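# Structural overview for review
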Amino acid sequence: MDSILNSKWTKMVLFLVCLIPAGLLIRGAIIGDLGSNPTQFLEHATGDWVLRFLALTLAITPLRKLLKLPQLIRYRRMLGLFAFFYAFCHFSIYLGLDQMLDFHGVWADVMKRRYITAGFTGFVMMIPLAVTSTAGWIRRMGGKRWQILHRAIYISAVAGVVHYYWLVKSGVHIPLEYAGVMAVLLGWRAVAWATDPKRRIAALAPKTRPELS
Ligand code: HEM
């Protein structure tokens, strides 16, 4: 297992697998196989993939701890960047095909329609994470500050689910399924944080005050 997870080939294969949804959508667009409303089809398909990749990214930490596979961390950045890639495609399709590059119209939508506000918030929160995803940025920011910034992915995940829940007219069961998955992934972190022995020891330790001379 170790050699598979550490292999650069596994990473390369995963990279290609993550591109399959985009490839299938491009193929569908070329051969005209995107249904009667291709723009809506593309919006829906890319939106679904954003949520799936956000969930996969958030699943890495619990999985590596529960399965005792620390090497899984090698895949987290790639999955997070794919979440951003599909979010960028999703937003670009909305901006370019749905709104015909009408920036004023888009801004009016962001301000007026609550599901667009939520989606836009989720997308905007992902931008600094994608920009600072390199080793250089981790070094420049310092691990602690970088980690704090990257917790913004929790906001993107919640905003994405709220966006989906608000946009569906009927049949909220799929957004609720995503909500359940995100609740488990975020809840696991909350429990791990609350029960972290290091944090509890630090909280119990007597506060040392400098001696007055
Ligand atoms: C974290 C960011 C986002 C996530 C996770 C997300 C997710 C989704 C999902 C899951 C869907 C529905 C897919 C389906 O029905 O199967 C969707 C649809 C849609 N999203 Fe997003 N989205 C995000 C950001 C945005 C942004 C920034 C915009 C535009 C400003 C946007 C505009 C739309 C539109 C127009 C639809 C189609 C609505 C309709 O049914 O007519 N989304 N999105």
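Refer to the structure printed above.
Only a predicted model underlies this, so the values are computations on that prediction, with no experimental measurement involved. (Residues numbered from 1 in each chain as written. Predicted model: local features only at pLDDT ≥ 70, side-chain atom pairs only at ≥ 80, totals over all residues. Heavy atoms only, no water.)

### So, the coordination of the iron atom of the ligand
Of the protein atoms, only His90 (NE2) and His163 (NE2) coordinate the iron atom of the ligand, at distances of 2.0 Å. On the basis of relative accessibility, which here comes to 15%, the residue His163 falls in the buried class. (Donors = N, O, S within 2.8 Å, 3.2 Å for Na, K, Ca; no water. Buried < 20%, exposed > 50% of the residue type's maximum accessible area, 1.4 Å probe, protein only.)

### Re the site of the ligand
Around the ligand, the structure places 21 residues, and the nearest of them are His44, Asp48, His90, Tyr94 and His163. The contact in question runs from a nitrogen atom of the ligand to an N or O atom on the side chain of His163, over 2.8 Å. Contributions of two or more residues to the shell around the ligand are made by helix H3 (38-66), helix H4 (76-98), helix H6 (114-131) and helix H9 (152-167). Its residues placed into classes, the shell around the ligand shows 11 nonpolar, eight polar and two charged. (Near = heavy atom within 4 Å. Polar contact = N/O pair within 3.5 Å; in protein donor to acceptor, adjacent residues only side chain to side chain. Helix = DSSP H or I, 4+ residues; strand = E, 2+ residues; numbered from the N terminus. Nonpolar A, V, L, I, M, F, W, Y, C, P; charged D, E, K, R; others polar.)

### Examining the packing of aromatic side chains
Under the defined criterion, the tally for this structure stands at 15 aromatic pairs. Aromatic rings pair up to connect Phe84, Phe88, Phe91, Tyr94, Trp107, Phe120 and Phe123 into one cluster. A cation sits over an aromatic face here: Arg52 above Trp49, 4.4 Å from the ring centre. Geometry around Trp137 places Arg140 over its ring, the cationic atom sitting 4.8 Å from the centre. (Phe/Tyr/Trp six-rings, centres within 6.5 Å; stacked < 30°, edge-to-face > 60°. Lys NZ or Arg CZ within 6 Å of the ring centre and 35° of its normal.)

### Regarding a positive patch on the surface
Taken together, Lys65, Lys144, Arg151 and Lys198 make up a surface patch of like positive charges. The residue Arg151 is located in the loop between helix H8 (143-150) and H9 in this model. Under the relative-accessibility criterion, Arg151 is labelled partly exposed at 40%. (Patch = residues over 30% accessible without salt bridge, like charges linked within 9 Å, V, L, I, M, F, W, Y side chains within 5 Å. Areas by Shrake-Rupley, 256 points an atom, 1.4 Å probe, with all protein chains shown as cover. Salt bridge = Lys/Arg side-chain N within 4 Å of Asp/Glu carboxyl O. Lys, Arg positive; Asp, Glu negative; His and termini not counted. Charge placed at Lys NZ, Arg CZ, Asp CG, Glu CD.)

### Topic: a nonpolar patch on the surface
Taken together, the side chains of Val13, Val17, Ile20 and Leu24 define a hydrophobic patch exposed on the protein surface, amounting to about 360 Å² of accessible area. Note that Val17 resides in helix H2 (residues 8-31). Its relative accessible area of 44% is what places Val17 among the partly exposed residues.

### Regarding helix H11 (residues 197-204)
Of all eight residues in H11, zero are buried; the element is thus mostly exposed. Regarding H11, its N-cap is Asp196, as a side-chain oxygen of that residue lies 3.1 Å from the backbone nitrogen of Lys198 further along.

### Focus on the pattern of salt bridges
Summed over all chains, the structure comprises one salt bridge. Taking the shortest distance from any N to any O, the salt bridge between Asp109 and Arg113 comes out at 3.0 Å. Taking the relative accessible area as the measure of exposure, Asp109 reaches 6% and is therefore buried. Judged by relative accessible area, Arg113 falls into the partly exposed class, the value being 35%.

Any link to function would need more than the numbers given here.
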